[in-house]
Amino acid sequence: MLDGVKLVRIDYRLIHGQVITKWSNKANVNRIVVVNDELAKDSFMTQIYTMAAPPGIKVEVVAIENFVKEALKVDSSYNSKAILVLFKNIIDAKKTVEAGVKFNSMQIGGLGAGNGRKMIVKGISIDRKDAEDLLVIQDTGVEVNFQVTPEENRVSLNKAVQKLGMR
């Protein structure tokens, strides 16, 4: 496990008001690591996200492969400090977990609506494919839950898949 990781969150909005003001304070983090291949290649957007962070919080944007390499090191920099790991989508999180990175828990915080998607909680909608991918993550021992803000109740993945009529 990565001892420095205080919160792992999937949120397509990445760094935005709720993450910065609520979750970074709640998790008491001083570092945000955004894990996304596309964004890691886009220096302009990386700068935007870096500037969006409040003073005192360092932002890094890394490709999945680089995150995995660092996370699997015995002396990983992710074992120290207080880190919020952000994924833009479920697929990136699944790839990371399947590559051997162990997380205690993973929070789903923002997935948009669309055709074939069912609202799990306000602001978070998934379809059967999303649920299947999240179940793969959960089957590795990760506690998966849905929660937009700290004030709202968490909904477990098991309850979410029941809403979809899957289990």
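Just above sits the structure.
Predicted model only: the values in this text are computed from it and were never measured.

Participant: An account of the sheet that holds strand 4 (residues 83-87) is needed here, citing residue identities and associated values.
Facilitator: The mixed open sheet is built from seven strands, whose spatial order is 3-2-4-1-5-8-9. Each edge of the sheet is formed by a strand with only one pairing partner; in this case those strands are strand 3 (58-62) and strand 9 (155-156). Strand direction decides the pairing type here: strand 2 (residues 31-35) and strand 4, joined by five bridges, are parallel. Counterpart to R31 in the pairing with strand 4 is I83. Here helix 5 (residues 90-98) sits on the sheet and contacts strand 1 (5-11), strand 2, strand 4 and strand 5 (105-110); the angle it forms with strand 4, its principal contact strand, is near 120 degrees. Set on the sheet, helix 6 (residues 128-138) makes contact with strand 1, strand 5 and strand 8 (143-146); between it and strand 8 the angle comes to about 140 degrees.

Participant: Talk me through the pairing of strand 3; I want residue IDs and the actual numbers.
Facilitator: Counting buried positions along strand 3 yields four of five residues, so the element is predominantly enclosed. Bridge analysis of strand 2 against strand 3 gives five bridges, and the strand direction is parallel. From the neighbouring strand, V34 faces strand 3, where its bridge partner is V61.

Participant: An account of the pattern of salt bridges is requested, with residue identities and associated values reported.
Facilitator: Applying the stated criterion across every chain yields a total of 13 salt bridges. Put simply, K73 and E70 hold a salt bridge, and the shortest N to O gap is 3.0 Å. Note on K73: relative accessible area 42%, which makes it partly exposed. Among the ionic contacts, a cluster of salt bridges with common partners joins K94, E98, K129 and D133.

Participant: Can you lay out the packing of aromatic side chains for me, pointing to particular residues and giving the numbers?
Facilitator: Inspection of the entire model under this criterion finds four aromatic pairs. With centroids separated by 4.7 Å and ring planes inclined at 25 degrees, the aromatic side chains of F67 and Y78 adopt a geometry described as stacked. With F67 in helix 4 (residues 64-71) and Y78 in the loop between helix 4 and strand 4, this pair connects stretches of sequence that are eleven residues apart. Its relative accessible area of 0% is what places F67 among the buried residues. Arranged with centres 6.2 Å apart and planes meeting at 80 degrees, the rings of F87 and F103 form a pair that is edge-to-face. With F87 in strand 4 and F103 in the loop between helix 5 and strand 5, the pair connects residues that are 16 residues apart, well separated along the chain. Judged by relative accessible area, F103 falls into the buried class, the value being 3%.

Participant: Describe in detail unusual backbone geometry, supporting the description with residues and values.
Facilitator: A positive phi is found at L14, a non-glycine position, where the angle reads about 55 degrees. Looking at where L14 falls in the secondary structure, it is placed in the loop between strand 1 and helix 1 (17-27). When its relative accessible area of 0% is taken as the criterion, L14 is described as buried. With phi around 55 degrees, N28 is a residue other than glycine that occupies positive phi space. Tracing the sequence through the fold places N28 in the loop between helix 1 and strand 2.

Criteria and thresholds
- Just so you know, the residues in each chain are numbered from 1, in the order the chain's sequence is written.
- In keeping with the predicted nature of the model, local features appear solely for residues at pLDDT of at least 70, side-chain atom pairs appear and are counted solely at 80 or more, and the whole-chain, interface and lining totals rest on all residues.
- Excluding hydrogens and water, the side-chain values take into account all heavy atoms of the structure.
- Strands qualify as paired when DSSP identifies two bridges or more between them.
- Where helices and strands are cited, they refer to DSSP runs of H or I of at least four residues and of E of at least two residues respectively, numbered from the N terminus.
- Whether two residues touch is decided by their heavy atoms; if any such pair falls within 4.5 Å, the residues are in contact.
- Lines fitted to C-alpha atoms define the axes here, with helix axes fitted over just the stretch in contact, and angles between the N-to-C directions of these axes take values from 0 to 180 degrees.
- Classification of residues uses two cut-offs on accessible area relative to the type maximum, computed with a 1.4 Å probe and protein chains only: under 20% is buried, over 50% is exposed, and between them is partly exposed.
- Each salt bridge in this description consists of a side-chain nitrogen of Lys or Arg and a carboxyl oxygen of Asp or Glu lying within 4 Å of one another.
- Here the aromatic set is Phe, Tyr and Trp, taking the six-membered ring for Trp, and pairing holds for ring centres within 6.5 Å; pairs whose planes are under 30 degrees apart are stacked, those over 60 apart are edge-to-face, and all others are tilted.

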